[in-house]
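The primary structure of each chain is shown beneath.
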Amino acid sequence: LRLGYSETITRPQFRELGFAEFFNTETDERFRGNPYLVNTEITNYDARLEYYFGRDQFVTAGVFHKELDRPIVEYILPEGETLATSFINGPSATLTGFELEYEQVFDLADFFDADFWADAELFVKANYTFTSSEMSAGANESVIVAIPAAGEPAPSVESASGYINDGQTLQGQSEHLANLQIGWEDSNSRTALLFNYTGERTRALANVARGLPEVVEEPPFMVDLVHSRAFDLESGNSLDVRFAVRNLLGEDYVATQSSGGTSLTVDSYEVGTTFSISVSRSF
């Protein structure tokens with residue numbers, strides 16, 4: 001049993017502080033930083049039960065609670081007809097949830113007698129996290145927005161309720177996260193199939209004052225295949241070959257805005273399937 005308490009901070013990144021406007025080539029949107037951002041202070045509580053089958057083999061279950069003071073979040077910045085975003089410090093937010101994790105190796109020689117299985121192992125790794133998040137706008141809370149003034153940023157103190165719906169989920173936080181890895185390993189090779197699921201999440205908060213609904217993204221469900229093999233050379237050195245296929249299912253990315261029962265796609269693109277191979281030699 002592990003019990004934990006800590007106090008940490010999250011500092012704003014340089015791109016979140018820079019007032020100059022930039023173009024994000026991944027999301028086809030412009031964003032502008034806010035030089036008036038401050039550090040987010042986080043109070044962390046967690047408890048975890050762990051049981052070990054052997055070295056690097058275990059099952060764990062944990063619960064956690066986090067309190068965020070002035071979380072840094074992204075919101076819709078109304079600039080013409082194109083999509084743009086900026087950043088503010090929200091008043092506060094909380095994260096509460098649980099996580100499960102499991103890793104175990106099965107010696108296949110225990111199940112099969114042939115020499116082929118003598119050093120073969122089947123491994124399974126899985127984890128799942130559920131997170132309930134909530135932001136608070138507060139009755140009298142305010143946020144500092146950076147606005148242009150003669151080409152320079154100027155602070156504008158505005159009501160937090162103009163940017164945050166009280167009780168909404170934290171921007172960028174998915175409710176469900178899950179990973180599964182199943183593979184085969186012997187003395188010379190390793191093959192693994194990886195599954196990664198990320199639930200939908202808010203990409204940019206709504207601009208309540210302007211009537212602009214939040215942007216919600218649906219990350220693709222990723223399935224990857226990775227294989228590596230080592231070859232012993234006559235010189236005594238080894239040659240390692242690694243082959244990988246990413247996004248086997250060819251899942252795509254989509255982000256939408258919804259209001260009044262109507263949903264519009266604001267960003268979508270094909271992620272594509274990636275094939276890669278690498279060769280390395282040790283001397």
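Residues numbered from 1 in each chain as written. Predicted model: local features only at pLDDT ≥ 70, side-chain atom pairs only at ≥ 80, totals over all residues. Heavy atoms only, no water.

Peer 1: What exactly am I supposed to notice about the overall build of the chain here?
Peer 2: Across its full length, the chain holds one helix and 20 strands. Over its C-alpha trace the chain gives a radius of gyration of 24 Å, far above what one expects of a compact globule, namely 19 Å for 283 residues. If you line up the chain on its principal axes, its C-alpha atoms span 75 × 45 × 40 Å. Taking all 283 residues of the chain together, 33% fall into the buried category. The contacts of the chain with a sequence gap of at least 6 include a subset with a gap of at least 24, amounting to 64%. Summing over all exposed atoms, the chain offers an accessible surface of approximately 16,400 Å²; the carbon and sulfur share of this is 53%. Once the 18 positive and 44 negative side-chain charges of the chain are each reduced to a mean point, those two points are 5 Å apart. (Helix = DSSP H or I, 4+ residues; strand = E, 2+ residues; numbered from the N terminus. Rg over C-alpha atoms; globule rule 2.2 N^0.38 Å. Buried < 20%, exposed > 50% of the residue type's maximum accessible area, 1.4 Å probe, protein only. Contact = heavy atoms within 4.5 Å. Areas by Shrake-Rupley, 256 points an atom, 1.4 Å probe, with all protein chains shown as cover. Lys, Arg positive; Asp, Glu negative; His and termini not counted. Charge placed at Lys NZ, Arg CZ, Asp CG, Glu CD.)

Peer 1: Hey, could you run me through the environment of Phe116 in this one?
Peer 2: Within the secondary structure, Phe116 is located in the loop between strand 8 (92-107) and strand 9 (121-136). Distance from Phe116 to Asp186, taken between C-alpha atoms, is 9.7 Å for residues 70 residues apart in sequence.

Peer 1: Help me understand the pairing of strand 12 (residues 176-185), please; the structure alone is not making it clear to me.
Peer 2: Every other side chain in a regular strand lies on the same face of the sheet, so the side chains alternate between the two faces. Alignment of strand 9 against strand 12, held across 10 bridges, turns out to be antiparallel. When the bridges of strand 12 are listed, Phe130 appears paired with His176. The pairing of strand 12 with strand 13 (residues 189-198) spans nine bridges and is antiparallel. Within strand 13, the residue paired with Trp184 across the bridge is Thr191. If you look at the hairpin formed by strand 12 and strand 13, you'll find three residues sitting between the two strands. (Pairing = 2+ DSSP bridges.)

Peer 1: Just to check I follow, could you spell out the nonpolar core for this structure?
Peer 2: Most often, soluble globular proteins have nonpolar side chains that are buried together. Core analysis: the biggest nonpolar cluster contains 18 residues, and Tyr75, Ile88, Met135, Tyr163 and Leu170 have the highest contact counts within it. Elements supplying a minimum of two residues to this core: strand 6 (72-76), strand 7 (84-89), strand 8 and strand 10 (142-149). Apart from the residues within four sequence positions on either side, Tyr75 is in contact with Ala84, Thr85, Ser86, Phe87, Ile88, Val145, Tyr163, Ala204, Leu205 and Asn207. Ranked by size, the runner-up nonpolar core spans five residues in total, among them Ala204, Val215, Tyr253 and Ala255. (Core = buried A, V, L, I, M, F, W, Y, C linked by side-chain atoms within 4.5 Å.)

Peer 1: Teacher, can you tell me more about the sheet that holds strand 1 (residues 2-10) here?
Peer 2: Consider a sheet: its strands pair through backbone hydrogen bonds, and that pairing is either parallel or antiparallel. With antiparallel pairing, 10 strands are arranged side by side in an open sheet as 1-4-5-8-9-12-13-16-17-20. The sheet terminates laterally at strand 1 and strand 20 (274-282), the two strands that pair on one side only. The average undirected angle you get between the axes of adjacent strands in this sheet is 15°. The sheet contact formed by strand 8 and strand 9 spans 16 bridges and is antiparallel. Bridge pairing in strand 9 places Leu100 opposite Tyr128. (Axes fitted to C-alpha atoms, helices over the stretch in contact; angles between N-to-C directions.)

Peer 1: Hey, could you run me through unusual backbone geometry in this one?
Peer 2: Generally, phi is negative for residues other than glycine and the peptide bonds are trans, each holding for most cases. In this structure, Asp56 takes a positive phi of about 60° despite not being glycine. Position of Asp56 relative to the elements: it lies in the loop between strand 4 (40-54) and strand 5 (57-69). For Asn247, which is not glycine, the phi dihedral falls at a positive 60°. One can find Asn247 in the loop between strand 17 (238-246) and strand 18 (252-259). On the basis of relative accessible area, Asn247 is assigned to the buried category, the value being 0%.

Peer 1: I keep staring at the sheet that holds strand 6 and nothing clicks. Help me out?
Peer 2: What the four strands build is an open sheet, ordered 2-3-7-6; its pairing is mixed. Lying at the two open borders of the sheet, with one neighbouring strand each, are strand 2 (21-24) and strand 6. This sheet shows a mean twist of 35° between the axes of neighbouring strands, independent of strand direction. Relative to strand 7, strand 6 is paired through five bridges, and the arrangement is antiparallel. Within strand 7, the residue paired with Glu74 across the bridge is Phe87.

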